[in-house]
Amino acid sequence: MFNALREWIGHLEESNKIAKIEKKVSTEYELAGVTKLFDGEKACLFNHVDDFQMPVLSNVVYDRESIAESIGVQKEDLRNKFLESMDKPVKCEMSENVPRFKDHIITGNDIDLLKLPIPIHHEKDGGRYITSGLLIVKDINTGKQNVSIHRLQVFNKNEMGILILPRHLWHIFSQYEKEKKELDIAICIGNAPALLLASQAITPYGIDELEIANALLDNMLKLSKCETVNVDVPENCEIVIEGKLIPGLRKEEGPFGEFPRYYGPAGNRPVIKVTAVNYRDDAIYHTILPGTKEHLLLGGIAREASMIRTIAHTVPTVRDVHITFGSSCRYHAIISIKKEHEGEGKNTILAAFSNSHEIKQVIVVDEEIDIFDHDSVEWAVATRFQAGKDMIVVKGSLGSKLDPSSDQGISDKIGIDATLSINRDPDKFNVMTIPGLENMAKEDYI
Ligand code: MN
């Protein structure tokens, strides 16, 4: 497992899984374009970005295997390792060393966010966006930290706009805003993949995502204090931007190309005033291009883990969950169960809808169907499903506001139960087989 971004880069180099781009590329669209070309295949390290000294990394993880590898497990064990870490977070110790990200500490009038190689990704984006920063804050009462990733639009040298959806950070900020207090925040860029994955964990309020990351990393994660704000950050990160969320202040942010691969609209959003920028001597800037495998899979894996838990309360024989890339790793779930009772397919659908408001379509199949193989799933739907009796439609429930086909988030949902009936006529569903095929290999015949 890898406890620092540069350790992970070293591993990618050894396994020839990183494209090193020496050609000079522009932060305006070109860097995004090259990242897109390698999406799902390789990481990209851009060594010459405009006239910046700092290199830029993208596609840090690019498929399920690479995410599993980054935390030192096989792909099949990724979900369990993630669930174990969510169940047993491990408190992070403070580092005794001066962290390398304090090689340079920029404060006051010297702060200039535009000196960082922050790209413009998509055509209609409102400006330069930081997309990979772990935003860390402390709870006003308990002092527990919370970690989340937000889109951050650079407004000028020391101001950023931020989109905060009604989740944990919103909860914390709204308490500070009521009391007209500034909220200390730190934005950490250039982290080990384990930290990015942990930041996506779906947890009750009050769980510190860094402690989940520390569990994923077998207690290797150490924290360091910031310079100008009361926040503790991973000692190994490359760049730390410190600042304050200002109560009552809103400025226009957006539009921004979002995870469903459409632009999210502009609107009046909270503002961060930057109080310090810290970075290593040879810091690497990390950007996440929205809509790529890197962006979507990190959230998808966390959502699958949460969903299988919810379904297991109702259908203990649930086997596996796949929230598909085609649905931006948010909207469509394919679920396999070992059906033991008539009706469990429908209960699985209801449980999946109850897990997340984002889920719009659920397909339930029997355990022998490979839910990561779309042909296999389609075959089950084609031969085991009848719309009149096996389909559920829920009209007018809450869905994702970013789904442009919804009415400001009001969305219909469909459930497809493609499991075999327990009481079926076995002669009608006799799947054909070739005896001995499983032991045959092409090489033995050519
Ligand atoms: Mn949280």
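Below or above, wherever it landed, is the structure these notes cover.

What counts and what doesn't
Residues numbered from 1 in each chain as written. Predicted model: local features only at pLDDT ≥ 70, side-chain atom pairs only at ≥ 80, totals over all residues. Heavy atoms only, no water. Helix = DSSP H or I, 4+ residues; strand = E, 2+ residues; numbered from the N terminus. Polar contact = N/O pair within 3.5 Å; in protein donor to acceptor, adjacent residues only side chain to side chain. Contact = heavy atoms within 4.5 Å. Buried < 20%, exposed > 50% of the residue type's maximum accessible area, 1.4 Å probe, protein only. Pairing = 2+ DSSP bridges.

**Remarks on the side chain of Arg79**
Note on placement: Arg79 falls in helix α4 (residues 78-87). Of the polar contacts made by the side chain of Arg79, one reaches the side chain of Asp320; its length is 2.9 Å. Look past the residues within four positions of Arg79 in its chain and what remains in contact with it is Glu304, Ala305, Ile308, Asp320 and Val321.

**Focus: unusual backbone geometry**
Of note, the amide linkage connecting Gly254 to Pro255 takes the cis form, showing an omega dihedral of -5 degrees. Checked against the element boundaries, Pro255 lands in the loop between β14 (239-253) and β15 (256-257). In this model, Lys180 sits at a positive phi of 55 degrees, which is unusual for a non-glycine residue. Turning to its location among the elements, Lys180 is positioned in the loop between α5 (168-178) and β11 (183-189). With relative accessibility at 70%, the residue Lys180 sits in the exposed group. Phi is positive for Asp218, close to 50 degrees, though the residue is something other than glycine. In this structure, Asp218 sits in the loop between α7 (209-216) and β12 (222-225).

**As for the pairing of strand β7 (residues 134-138)**
Burial of β7 is extensive: five of the five residues sit out of reach of the surface. Because side chains alternate across β7, one face comprises the buried residues Leu134, Ile136 and Lys138, and the other comprises Leu135 and Val137, equally buried. Hairpin geometry of β7 and strand β8 (residues 145-149) is characterised by an intervening segment of six residues between the two adjacent antiparallel strands and by a positive phi of about 80 degrees at Gly143. In terms of strand pairing, β7 meets β11 through three bridges, oriented antiparallel. Across the sheet, Leu134 pairs through a bridge with Cys188, a residue of β11.

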